[in-house]
Amino acid sequence: PTLGGDGTINYYNQEDGYFYKLDENGNIVKLSDKVFHKVQNVTWAPNDDKAIIEYPDGTKISYDFNTEKQVTLPSYWEDFSFSPDGEQITSKSIGLDEDNRWLIVAGADASQATAIESIGDRAGYVYPSWSPNNQIVAYYTKGVDFDRQEIFFVGLNGENFKSTIVEGRGVEATWSQDGSNLLYSAYHSRDEYKPKLWIVGASGDEIGTNRQSLELNTWASKCTFASATDIYCAVPETLEAGAGMFPELADNTKDNLYKIDLKTGSKTLIAVPDGAYNISSLIVPENQEYLYFTDKHNDMIYQMRLE
């Protein structure tokens, strides 16, 4: 699921193959009359009018819900991220030969594909991730020592951005709404290899500044920004040692919900859900009246009132 531009929740229903939007009153409307059978993965554009839809057989299409037009993408393109306006995508083009593996940028309809940077044998450490402020299209990681990694940022025009050192490995990251900060999780030997949340400046000259631990053991993929300074996270009640290296250790863990205020540094337990939910994704509209989450075990979407 994703947050629509009008505050609705857009999602794919595995049972009938349709895409829908859900408003805060529980009203459900189809986004398209087209059926998409057995979709494996969906990457949404920020303005929610387009999506890249992937199937188990490797087929990938770009679909425009406004025009109802679809374009087939090359099967060797992997890991997609849309530009802030939804008109372009960045991806990895993975050729059989390591010399033919590139970070690319293309139109949302796969037109005008351009190679940005060769990724060779480093493809597994490159993460297409277009920043909301349009400065950065991807980042890649490189090991510094046993417990640290370095994050390098890639722009559209060969910019020489600063890098930042990460205290830990196994980085997962998500952008703040204005692109000024990067929320990331990493595991470290001193934390028994459990994932821990960090925040760091990630824009222009501020890259690598104001890095601080948020002192919560969870993954960045279980968090969302409701504003530039308000973060909501699902945090496992308990985590076994090594969960950062082996996330499946947390598959049966119950999650509680926290709010982080970056302005004050406060962390607040806002809810202990009535049920043993293992939360796989969170969505909080900007007005922060409701929180939506999906449960990993049944793929259902749940709504919780915040105010």
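Preceding this section is the structure that the text describes.
Scope of this entry: the structure provided in the associated data block. Model, not experiment: these values are computed from the prediction. Just so you know, the residues in each chain are numbered from 1, in the order the chain's sequence is written. Side-chain atom pairs in this predicted model are given and counted only at pLDDT of 80 or more, local residue features only at pLDDT of at least 70, and totals for whole chains, interfaces and linings cover all residues. The basis for every side-chain value is the complete set of heavy atoms in the structure, and neither hydrogens nor water enter the calculation.

**Details of the packing of aromatic side chains**
Pairs of aromatic rings are described using the distance from one ring centre to the other and the angle between the two planes. Convention followed: Centres within 6.5 Å are what make two rings of Phe, Tyr or Trp a pair, Trp counting through its six-membered ring; a difference in plane orientation under 30 degrees is then read as stacked, over 60 as edge-to-face, and the rest as tilted. Each residue is placed in one exposure class: buried if its accessible area under a 1.4 Å probe, protein chains only, is under 20% of its type's maximum, exposed if it is over 50%, and partly exposed if it falls in between. Note on conventions: DSSP H or I runs of at least 4 residues are helices, E runs of at least 2 residues are strands, and numbering of each starts at the N terminus. Two conditions define a charge located above a ring, namely a distance within 6 Å from the ring centre to NZ of Lys or CZ of Arg, and an angle within 35 degrees of the ring normal.
Counting across every chain of the model gives 19 aromatic pairs. Both rings, one in Tyr 63 and one in Phe 65, keep their centres 5.0 Å apart while their planes meet at 80°; by these two values the pair is edge-to-face. Just as Tyr 63 is buried, Phe 65 falls in that class too. Taken together, a centroid distance of 5.0 Å and an interplanar angle of 15° make the contact between Tyr 140 and Phe 152 stacked. A residue pair is termed long-range when its members are at least 10 positions apart, and Tyr 140 in strand β14 (residues 138–145) and Phe 152 in strand β15 (residues 148–154) qualify at 12 residues. The exposure class assigned to Tyr 140 is partly exposed, which follows from its relative accessible area of 25%. An aromatic cluster of at least three residues, connected via ring pairs, comprises Tyr 12, Phe 19, Phe 36, Trp 44, Tyr 63 and Phe 65. For the cation-ring pair, Lys 30 lies above Tyr 18, with the distance from its terminal atom to the ring centre recorded as 3.7 Å. Above the plane of the ring of Phe 36 lies Lys 34, whose end atom (NZ or CZ) is 5.5 Å from the centre.

**Side note on the pattern of salt bridges**
Worth spelling out the cut-off: The working definition used for a salt bridge is a side-chain nitrogen of Lys or Arg within 4 Å of a carboxyl oxygen of Asp or Glu.
In the structure shown here, the tally under the stated rule is 10 salt bridges. Residue Glu 192 is joined to Lys 194 by a salt bridge in which the shortest nitrogen-to-oxygen separation is 3.3 Å. Overall, Glu 192 belongs to the partly exposed group, its relative accessible area being 45%. In this structure, Glu 215 and Lys 196 form a salt bridge, with 3.4 Å as the shortest nitrogen-oxygen distance. With a gap of 19 residues between them, Glu 215 in the loop between β20 (212–213) and β21 (223–225) and Lys 196 in strand β19 (residues 195–201) connect regions that are remote in the sequence. Given the relative accessible area of 49%, Glu 215 is considered partly exposed. A single salt-bridge network, built from bridges that share partners, covers Asp 49, Lys 50 and Glu 87.

**Considering the nonpolar core**
The cut-off we apply is this: Among buried residues, those of type Ala, Val, Leu, Ile, Met, Phe, Trp, Tyr and Cys that are joined through side-chain atoms within 4.5 Å constitute a nonpolar core. Note on contacts: a residue pair qualifies if any of its non-hydrogen atoms lie within 4.5 Å across the two residues.
By size, the foremost hydrophobic cluster in this structure holds 15 residues, and its most contacted members are Phe 153 and Tyr 184. Of all the elements in the fold, those that place two or more residues in this core are β15, β17 (169–175), β18 (181–187) and β19. Looking at which element gives the most residues to this core, the answer is β18, with 3 residues. When neighbours within four sequence positions are excluded, Phe 153 is seen to be in contact with Ile 136, Ala 138, Tyr 139, Phe 161, Lys 162, Thr 164, Trp 175, Leu 182, Ala 202 and Ile 207.

**Section: the sheet that holds strand β26 (residues 290–295)**
Threshold: DSSP-based pairing: two strands are paired if at least 2 bridges between them are found. Geometry is summarised by axes, namely lines fitted to C-alpha atoms with helices restricted to the contacting stretch, and by angles between N-to-C directions that run from 0 to 180 degrees.
Pairing within the open sheet is antiparallel, and its 3 strands lie in the order β25-β26-β27. Across the chains shown, the open sheet's two edge strands, defined by having one partner strand only, are β25 (279–283) and β27 (301–305). The sheet shows a mean angle of 25° between the axes of neighbouring strands, taken without regard to direction. Taken together, the 4 bridges between β25 and β26 define a ladder with antiparallel strand orientation. Residue pairing for β26: Ile 279 is matched across the bridge by Asp 295.

**Considerations on the sheet that holds strand β9 (residues 77–82)**
Taking strand neighbours across the sheet as the criterion, the 4 strands line up as β9-β10-β11-β12 in an open arrangement whose pairing is antiparallel. Strands at the two margins of the open sheet, each flanked by one partner only, are β9 and β12 (114–118). When strand polarity is set aside, the average angle formed by the axes of neighbouring strands in this sheet is 25°.

**Quick word on the side chain of His 188**
How we decide: Under this definition, polar contacts are N or O atom pairs within 3.5 Å; protein pairs additionally need one hydrogen-donor-capable and one acceptor-capable atom, and for neighbouring residues in sequence, both atoms have to be side-chain atoms.
Tracing the sequence through the fold places His 188 in the loop between β18 and β19. Owing to a relative accessible area of 8%, His 188 belongs among the buried residues under this scheme. From its side chain, His 188 meets the backbone nitrogen of Arg 190 in a polar contact 3.1 Å long. When near neighbours in sequence (up to four residues on either side) are disregarded, His 188 contacts Asp 147, Glu 167, Gly 168, Tyr 193 and Lys 194.

**Concerning the environment of Gln 149**
As for its placement among the helices and strands, Gln 149 is situated in strand β15. Residue Gln 149 is classed as buried on the basis of its relative accessible area of 6%. Between the C-alpha atoms of Gln 149 and Gln 212, which are 63 residues apart in sequence, the distance is 16 Å. Excluding residues that lie within four positions of it along the chain, Gln 149 makes contacts with Thr 141, Lys 142, Gly 143, Val 144, Thr 164, Ile 165, Val 166, Gly 168, Arg 169, Gly 170 and Val 171. Here Gly 170 takes part through its backbone nitrogen, which lies 3.4 Å from a polar atom of the side chain of Gln 149.

**A short note on a negative patch on the surface**
Operational definition: The patch calculation keeps residues exceeding 30% relative accessible area without a salt bridge and links them within 9 Å when they carry like charges or within 5 Å when they are nonpolar (Val, Leu, Ile, Met, Phe, Trp, Tyr). For the area figures, the Shrake-Rupley method with a 1.4 Å probe applies, and any residue is considered shielded solely by the protein chains shown. Counted charges follow a simple rule, with Lys and Arg positive, Asp and Glu negative, and His plus the chain ends left uncounted. Here the site of a charge means NZ on Lys, CZ on Arg, CG on Asp, or CD on Glu.
Together, Asp 97, Glu 98, Asp 99 and Asp 121 line one region of the surface with negative charge. Within the secondary structure layout, Glu 98 lies in the loop between β10 (88–94) and β11 (101–107). A relative accessible area of 41% places Glu 98 in the partly exposed class.

**Some details on the layout of surface pockets**
Stated formally: Residues are called lining when one of their atoms sits within 4 Å of a cavity or pocket point, these points coming from a 1 Å grid over the protein atoms alone, where a cavity is a set in which a 1.4 Å probe fits but cannot get out and a pocket is an open set with protein on both sides within 12 Å along at least five of seven lines. Grid points are joined across faces, edges and corners, and a volume is the space filled by probe spheres set on the points. We call Asp, Glu, Lys and Arg charged. Ala, Val, Leu, Ile, Met, Phe, Trp, Tyr, Cys and Pro are nonpolar, and the rest, Gly among them, are polar.
Considered as a void within the structure, the second largest pocket measures approximately 220 Å³ in volume. Lining of the second largest pocket is provided by 14 residues; of these, Trp 219, Ser 221, Lys 222, Asn 278 and Lys 296 occupy positions nearest its centre. For the lining of the second largest pocket, the per-class residue count stands at 5 nonpolar, 4 polar and 5 charged.

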